[in-house]
Amino acid sequence: MEDLIYLDNSATTPLCPEAVGAMTDAFGVYANPSSLHPAGTEAAALLDRSRKALIRAAGLPGGFSAVFTGSGSAANNLALTGAGRSGKHFPSRRMIITDSEHPSVENTAVALGKEGFEIVRIPTAGGRLDADVFSAEIAKGAAVVSLMLVNNETGAYYGVEEAFALARRVCPGALLHCDAVQGFMRVPLPENADMITVSAHKIHGPKGVGALFLSRDVIKKKSLSPLIYGGGQETGLVSGTENIPGIAGFAAAATAAASRGESDSERLAELYRLAVGAAEKAGARVNLPARRVDHIVSLTLPGIKSQTMLNFLSAGGICVSSGSACSSHDRRISRSLKAFGLSDADADCTIRVSLSAENTPEEIEAFGARLADGISRLVRAKK
């Protein structure tokens, strides 16, 4: 593993030292935080400190709470299905999402569609949320609006805060949700959302831990129905004994990311510039969103299938992906890439390079050289 160049950080990230340290300490806090004896009280105190630290690191204003889940996907399911099934607060059974959501939102919406919800998808061609279509659709009413903050395949940074502000004015009864997994600790969270999904393992925390930030109103009005019933943990929304080491690691990773803040942003901007330059020099086309983040680079290859290039890069010890790791075994053409505006043929020839501040310019240079070699050899082999 030491010889690998890891450029698949949107799939998952390596654990940071702060998370490892926090988890190691938390493994000694073995009691159930719901127990009323001193050992349980110690565990409950660590859970409370971690929850507060995560909210603080996220930069959210007072009034937001955090409910811990087993993943970002679980948090998205809780937000959409929990909201959809609680129905009593909503003016309609319409749900508005984008046409390029993560599968955990898209597939949840499809399931709710089978339960009678009307699902409306807002176009995101070129990585831009279509404001005109959104304006027209929100005027018709909605029970839930769920818009992702950053697209996990293209790096498009959607203007969800503006869209939520309009939704709040035009349709005040709607619950506003944002899947912020790919933007968390990289761009500001939309403070005017009611619910925000984040995940630990995208920010150098452990796998198996996610969170759903909830506004005060969501808790007060009991706007969500639980998906898991049991002992009533996590405000009654996610029953089951909390994963204390994972939660402690999540909070530590977020706190560490918040402290690095500007330095990580500057480093990622430079790595992005180098990656784009190397890719273009190698002969790949960079898919540039209208507004973007600096850790995701979408590259379309000249007539080379993405899987073929992935195999070539992997043989050289370089790890990238063809899109979302959550759907890497699904051979269908990516919805996100088609929504962006790519043809089926181009989408099938597109790879994703995703960066971390831990990457180095030398790794980007090595990637560029291997990519150039691959394009040269594989194009020649087709002739």
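Residues numbered from 1 in each chain as written. Predicted model: local features only at pLDDT ≥ 70, side-chain atom pairs only at ≥ 80, totals over all residues. Heavy atoms only, no water.

## Brief notes about the nonpolar core
- In this structure, F134, V145, F184, F213 and F250 are the most contacted members of the largest nonpolar core, which totals 59 residues.
- With seven residues, the top contributor of residues to this core is helix α2 (residues 38–58).
- One finds I5, A275, A284 and L355 within the second-largest nonpolar core, a separate group that totals 29 residues. (Core = buried A, V, L, I, M, F, W, Y, C linked by side-chain atoms within 4.5 Å. Buried < 20%, exposed > 50% of the residue type's maximum accessible area, 1.4 Å probe, protein only. Helix = DSSP H or I, 4+ residues; strand = E, 2+ residues; numbered from the N terminus.)

## A few points about the confidence of the model for the chain
- Model confidence for the chain is summarised by a mean pLDDT of 94, while 95% of its residues fall at 70 or above.
- Scored below 50 in pLDDT, residues 324–328 shows eight contacts in the model against residues more than four places distant or in partner chains. (pLDDT = per-residue confidence, 0-100. Contact = heavy atoms within 4.5 Å.)

## Here's the deal with the environment of L129
- Note that L129 resides in the loop between β4 (118–122) and α5 (131–138).
- Separated by 30 residues in the primary sequence, L129 and D99 place their C-alpha atoms 9.4 Å from one another.
- With residues up to four places along the chain from it excluded, the contact list for L129 reads T98, I122, P123, T124, L147, Y158, G159 and A163.

## Some thoughts on the side chain of H201
- Relative to the assigned elements, H201 resides in the loop between β7 (195–199) and β8 (210–214).
- Excluding anything up to four places from it in sequence, H201 contacts A11, T12, T13, P206 and K207.

## Points about the sheet that holds β7
- Strand order across the open sheet formed by seven strands is β2-β8-β7-β6-β5-β3-β4, with mixed pairing between neighbours. Each edge of the sheet is formed by a strand with only one pairing partner; in this case those strands are β2 (65–69) and β4. Looking at each pair of strands side by side, their axes are set apart by 20° on average, direction ignored.
- The sheet contact formed by strand β5 (residues 144–146) and strand β6 (residues 175–179) spans three bridges and is parallel. Residue pairing across strands places S146 opposite H177, the latter belonging to β6.
- α2 contacts β2 and β8 of the sheet and is inclined by roughly 115° relative to β2.
- Contacting β3 (94–98), β4, β5 and β6, helix α4 (residues 103–114) crosses the sheet at an angle of about 155° to β3. (Pairing = 2+ DSSP bridges. Axes fitted to C-alpha atoms, helices over the stretch in contact; angles between N-to-C directions.)

## Side note on the packing of α2 against helix α8 (residues 244–282)
- The N-to-C vectors of α2 and α8 enclose an angle of 30°; their axes lie 8 Å apart at closest approach. As the angle between them shows, α2 and α8 are arranged roughly parallel. In this structure, α2 meets α8 at a crossing whose hand is left-handed. Of the residues in α8, those touching α2 at A43, L46, L47, S50, A53, L54 and A57 are I244, I247, A248, F250, A251, A254, T255 and A258. (Parallel < 35°, antiparallel > 145°, perpendicular 65-115°, else oblique. Left-handed = near helix turned anticlockwise from the far one by under 90°.)

## Some details on the sheet that holds strand β9 (residues 285–286)
- Pairing is antiparallel across the open sheet formed by three strands, whose spatial order is β9-β10-β12. Taken across any chain shown, the strands that pair with only one partner, and hence form the sheet edges, are β9 and β12 (350–354).
- The pairing of β9 with strand β10 (residues 296–300) spans two bridges and is antiparallel. Each residue of the ladder has a partner; that of V286, found in β10, is L299.

## Some remarks on α2
- Over its 21 residues, α2 runs 30 Å from end to end, which matches the ideal 30 Å to within 8%, given 1.5 Å per residue.
- Within the span of α2, buried status applies to G40, A43, L46, L47, S50, R51, A53, L54, I55, A57 and A58.
- Taken together, the buried residues of α2 touch α1 (17–26), β2, β8 and α8.
- Where α2 terminates, the next one or two residues include G59, which has phi positive at roughly 75°. (Expected span 1.5 Å × (residues − 1).)

## Side note on the packing of aromatic side chains
- Evaluation of the coordinates by the stated rule reveals two aromatic pairs.
- Arranged with centres 6.4 Å apart and planes meeting at 90°, the rings of F184 and F250 form a pair that is edge-to-face. Of this pair, F184 sits in the loop between β6 and β7 while F250 sits in helix α8; the two residues are 66 residues apart in sequence, bridging distant segments of the chain.
- By relative accessible area, F184 is classed as buried at 0%.
- A cation over a ring is seen here: R291 above Y157, with NZ or CZ 4.3 Å from the ring centre.
- Residue placement shows R370 over the ring face of F312; its charged tip is 3.8 Å from the ring centre. (Phe/Tyr/Trp six-rings, centres within 6.5 Å; stacked < 30°, edge-to-face > 60°. Lys NZ or Arg CZ within 6 Å of the ring centre and 35° of its normal.)

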